[in-house]
Amino acid sequence: MITPFKPDGSLDLDAAQKVASKLVDEGNDSLIVNGTTGEAPTTSDEEKVLIIRATLEAVGDRAKVVAGVGSNNTAHTVESAKAAEAAGAHGLLVVTPYYNKPPQEGIKLHFNAVADATGLPVMAYDIPGRAGVPITTETLLALAEHPRIVAVKDAKGDVAATTKVLVNSGLYYYCGADELNLAWLAMGAVGIASVVGHVASPQYRQLIDAVVANDLDTARRIDRQLVPAVEAIMTRTQGAIMVKAALKLAGVIEHATLRAPLVEATGEQTDWLTTDLKTAGLIA
């Protein structure tokens, strides 16, 4: 979920609650806050707690709230995990430590330390394009032995590696790349962690339900319908930039403000976005 800001860059918790309520109303059974799409690199520890609490207040018992707590500092990630648990989060999203490129033994140490620190279930976020290193298949299988490391948000896009982990562990997979949602669900992922879902939640709910019902014709139709929206939001520039612009176009948020170093979509990007969202049937 995005983190809305006011024009001066301060948190807009009222807008955050509006977005959270909309997403749950449209079929999401859980929300991830304080992730990359939520601009977590530019929100303070105190702000992250406020976002968790505001989201919980907005959705009540209608959805689970998963808190992004990852960083490239294990000690800080552990403290963030404890703070998220104290704020009431139902689970933790922990990204691979980024930039410092730890070896696999360091990655295992990192995830296990976070999982040991609270009583919350942990979703490991495997995104080598941003982290600089993958969580290897062998490491994922080792992490699966921890009772609280229960899921993977996969943005690695390796079909063979994903299949091997699914076959050899009880880890639940969530697709973390919208262009691969149908493929990963067909392989056995249990859900999606979506950016495009901000403006296409009803469609993605239908897609998931169709896969569960073995109705692949319907699932393919929905997936193909959303291709222009996925391209518009995920390929034109950074995803948080475009999804905030999309939510503003859809009338969900009043301001598409981002915190530096991210900047708002240009006029040209917004024009492309408008055309693509109309083609996908998401705005009139």
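The shown structure was predicted, so the numbers you read here are calculated from the model rather than taken from an experiment.

The next point concerns the packing of aromatic side chains. For the structure on display, the rule yields zero aromatic pairs. Lying across the ring of Tyr 125, Lys 153 places its NZ or CZ 4.0 Å from the centre.

Our focus in this paragraph is the nonpolar core. In terms of nonpolar packing, the biggest core is built from 82 residues, with Leu 92 and Ile 233 touching the most fellow members. With near-sequence residues (within four places) excluded, Ile 233 lies in contact with Val 195, Val 196, Val 199, Gln 238, Gly 239, Met 242, Val 243, Ala 246 and Leu 273. If you look at the next biggest cluster of nonpolar residues, it comprises nine residues, including Val 95, Tyr 125, Ile 127 and Ala 193.

Under the present numbering, the feature "binding site: pyruvate" (unreviewed entry) in UniProt falls on Thr 37 and Ala 193. Of the residues just listed, which span 157 residues, no C-alpha pair is farther apart than 10.7 Å, and they cluster in one region. Assignment of secondary structure puts Thr 37 in the loop between β1 (30–33) and α2 (45–59). Residues within four places of Thr 37 in sequence aside, it is in contact with Met 1, Ile 2, Thr 3, Val 195, His 198, Ala 240 and Val 243.

Locating Gly 176 in the fold gives a position in the loop between β6 (172–175) and α8 (181–187). Sequence spacing of Gly 176 and Gly 68 is 108 residues, and the spatial spacing of their C-alpha atoms is 14 Å.

Looking now at the pattern of salt bridges. One pass over the full model with this rule turns up eleven salt bridges. Residue Glu 26 pairs with Lys 22 through a salt bridge whose shortest N-O separation is 2.9 Å. By relative accessible area, which is 25% here, Glu 26 ends up partly exposed. Of the residues examined, Lys 22 reaches a relative accessible area of 18% and is grouped as buried. Within the structure, one salt-bridge network assembled from shared partners comprises Asp 29, Arg 205 and Asp 209.

UniProt marks Tyr 125 and Lys 153 with the feature "active site" (unreviewed entry), using the numbering shown here. Across 29 residues, the annotated set stays spatially compact, with a maximum C-alpha separation of 4.6 Å. One can find Tyr 125 in strand β4 (residues 122–126). For Tyr 125, a relative accessible area of 7% gives the class buried. The residues touching Tyr 125, leaving out its near neighbours within four places in the chain, are Leu 93, Val 94, Val 95, Thr 96, Phe 111, Ile 135, Lys 153 and Ala 155. Of note, Lys 153 is situated in strand β5 (residues 149–154). When its relative accessible area of 11% is taken as the criterion, Lys 153 is described as buried. Residue contacts for Lys 153: discarding those within four places in its chain leaves Leu 93, Met 123, Ala 124, Tyr 125, Asp 126, Tyr 174, Gly 176 and Ala 193.

Moving on, we come to the side chain of Thr 118. Along the chain, Thr 118 turns up in the loop between α4 (104–117) and β4. Residue class for Thr 118 comes out buried when judged on its relative accessible area of 5%. From its side chain, Thr 118 meets the backbone nitrogen of Leu 120 in a polar contact 3.0 Å long. For Thr 118, the contacting residues outside a window of four places in its chain are Ala 81, Lys 82, Glu 85, Leu 92 and Arg 148.

Turning our attention to the packing of helix α11 (residues 227–234) against helix α13 (residues 267–279). Relative to each other, α11 and α13 sit at 160°, their axes nearing to 7 Å. Considering their axes alone, α11 and α13 lie roughly antiparallel with respect to each other. Like other packed secondary-structure pairs, α11 and α13 cross with a definite hand, here left-handed. Of the residues in α13, those touching α11 at Pro 228, Ala 229, Ala 232 and Ile 233 are Leu 273, Asp 276, Leu 277 and Thr 279. Residue composition of the contact of α11 with α13, by class: six nonpolar, one polar and one charged.

As a further point, take the sheet that holds β5. If you walk across this open sheet you meet the seven strands as β1-β2-β3-β4-β5-β6-β7, and the pairing is parallel. Looking at strand neighbours, the two that pair on one side only are β1 and β7 (191–192), the edges of this open sheet. Pairing geometry for β6 and β7, over two bridges, is parallel. Directly across from Cys 175, in β7, lies its bridge partner Ile 192.

This next bit is on the side chain of Gln 17. Structurally, Gln 17 can be placed in helix α1 (residues 13–25). In this structure the side chain of Gln 17 is engaged in a polar contact, spanning 2.9 Å, whose partner is the backbone oxygen of Ala 54. Look past the residues within four positions of Gln 17 in its chain and what remains in contact with it is Ala 54, Glu 57 and Ala 58.

Rules of the game
Residues numbered from 1 in each chain as written. Predicted model: local features only at pLDDT ≥ 70, side-chain atom pairs only at ≥ 80, totals over all residues. Heavy atoms only, no water. Phe/Tyr/Trp six-rings, centres within 6.5 Å; stacked < 30°, edge-to-face > 60°. Lys NZ or Arg CZ within 6 Å of the ring centre and 35° of its normal. Core = buried A, V, L, I, M, F, W, Y, C linked by side-chain atoms within 4.5 Å. Buried < 20%, exposed > 50% of the residue type's maximum accessible area, 1.4 Å probe, protein only. Contact = heavy atoms within 4.5 Å. UniProt positions renumbered as here; feature names shortened; annotations may be inferred. Helix = DSSP H or I, 4+ residues; strand = E, 2+ residues; numbered from the N terminus. Salt bridge = Lys/Arg side-chain N within 4 Å of Asp/Glu carboxyl O. Polar contact = N/O pair within 3.5 Å; in protein donor to acceptor, adjacent residues only side chain to side chain. Axes fitted to C-alpha atoms, helices over the stretch in contact; angles between N-to-C directions. Parallel < 35°, antiparallel > 145°, perpendicular 65-115°, else oblique. Left-handed = near helix turned anticlockwise from the far one by under 90°. Nonpolar A, V, L, I, M, F, W, Y, C, P; charged D, E, K, R; others polar. Pairing = 2+ DSSP bridges.

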